[in-house]
Amino acid sequence: MMELQVNGIKRAVSAGAGTSLLYVLRDELDLTGTKYGCGEGQCGACTVLMDGKAVRSCSVPLRAAEGKQVTTIEGLEKEGKLHPVQEAFLNVDVFQCGYCAPGMIMSAVALLKDNPKPSQEEIVDYMNGNICRCGTYPRIVRAIQEASN
Ligand code: FES
């Protein structure tokens, strides 16, 4: 048994230490907001925060997450209020199929934590590793700009 801190709650998990964090979140803890895209660290669909930094949960073994604060898309809402990045994604109507959105939002949250007023170039540069197969990139950039205002 290992212990994980997820969205501020201690959770006991029985998966092996080498199991990817993504599988633990989705299959053991039922936190299915985090998505499986490529499974190889290439698409960003599985992005979560670990101690505030964006990581690709498909490529993080459980042992590396032990003792860290893991935040998933389910953990952004506070007291019934969505995170400003979530609000901005809704306002700008970013979503098409929506599959990349949790990973996009988690990356954007990490970006704004480090750089609260990013330029358009900085947004594009930072979000470069998150892939949207519907091509909603212009709306994603707009939503992040709105969230940073
Ligand atoms: Fe992890 Fe694609 S599923 S980066």
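These numbers were taken from a predicted model, which means no experiment stands behind them. (Residues numbered from 1 in each chain as written. Predicted model: local features only at pLDDT ≥ 70, side-chain atom pairs only at ≥ 80, totals over all residues.)

Student: How would you explain the pairing of strand β3 (residues 47-50) if you had to name every residue and give the values?
Tutor: Note that β3 and strand β4 (residues 53-56) share 4 bridges and pair antiparallel. Across the sheet, Thr 47 pairs through a bridge with Arg 56, a residue of β4. Joining the antiparallel neighbours β3 and β4 is a turn of 2 residues, in which Asp 51 adopts a positive phi near 50°. Of the pairings in the sheet, the one linking β3 to strand β5 (residues 69-71) comprises 2 bridges and is antiparallel in character. When the bridges of β5 are listed, Met 50 appears paired with Val 70. (Pairing = 2+ DSSP bridges. Helix = DSSP H or I, 4+ residues; strand = E, 2+ residues; numbered from the N terminus.)

Student: Let's hear about the environment of Arg 11: which residues, and what values?
Tutor: Along the chain, the position of Arg 11 falls in strand β2 (residues 9-13). Judged by C-beta crowding, with 16 C-beta atoms within 10 Å, Arg 11 ranks as partly exposed. Put simply, Arg 11 and Leu 29 are 18 residues apart on the chain and 8.1 Å apart in space, counted from C-alpha to C-alpha. Ignoring sequence-local partners within four residues, the contact set of Arg 11 consists of Leu 4, Val 6 and Leu 29. (Buried ≥ 20, exposed ≤ 12 C-beta atoms within 10 Å, placed from the backbone. Contact = placed C-beta atoms within 7 Å.)

Student: Any chance you could break down the environment of Gly 8 for me, citing the residues and the numbers?
Tutor: Note that Gly 8 resides in the loop between β1 (2-6) and β2. For Gly 8, a count of 9 C-beta atoms within 10 Å corresponds to the exposed category. Separated by 61 residues in the primary sequence, Gly 8 and Gln 69 have C-alpha atoms spaced 7.2 Å apart.

Student: Residue-level account of the domain arrangement of the chain, with values.
Tutor: Once the domains are mapped, the chain shows domain 1 (2-75) and domain 2 (84-147). Computed from C-alpha coordinates alone, the two centres of domain 1 and domain 2 are separated by 20 Å. Counting residues at the interface gives 14 residues for domain 1, matched by 13 residues for domain 2. Counting residues per element, the side of domain 1 that touches domain 2 draws most heavily on β3, at 3 residues. For the side of domain 1 that touches domain 2, the class distribution of residues is 7 nonpolar, 5 polar and 2 charged. (Domains from an automatic or database assignment. Nonpolar A, V, L, I, M, F, W, Y, C, P; charged D, E, K, R; others polar.)

Student: A description of the confidence of the model for the chain should follow, citing residues and the corresponding values.
Tutor: Averaged over all residues, the pLDDT of the chain equals 97, while 100% of them reach at least 70. For this predicted complex, the interface confidence comes out at an ipTM of 0.98, alongside a pTM of 0.97. (pLDDT = per-residue confidence, 0-100.)

Student: I'd like a rundown of unusual backbone geometry, residues and numbers included.
Tutor: Even without being glycine, Asn 7 reaches a positive phi, approximately 50°. With respect to the helices and strands, the residue Asn 7 is situated in the loop between β1 and β2. A residue is classified by how many C-beta atoms lie within 10 Å of it, and Asn 7, with 18 of them, is partly exposed.

Student: So what about the packing of helix α3 (residues 84-91) against helix α6 (residues 137-147)? Which residues, and what values?
Tutor: One can describe the packing of α3 onto α6 by two numbers: an axis separation of 8 Å at closest approach and a directional angle of 135°. Classed by the angle they form, the pair α3 and α6 counts as oblique. Along this stretch, α3 crosses α6, giving a crossing that reads as right-handed. Two secondary-structure elements touch here, α3 through Pro 84, Val 85, Ala 88, Phe 89 and Asn 91 and α6 through Ala 143, Glu 146 and Ala 147. (Axes fitted to C-alpha atoms, helices over the stretch in contact; angles between N-to-C directions. Parallel < 35°, antiparallel > 145°, perpendicular 65-115°, else oblique. Left-handed = near helix turned anticlockwise from the far one by under 90°.)

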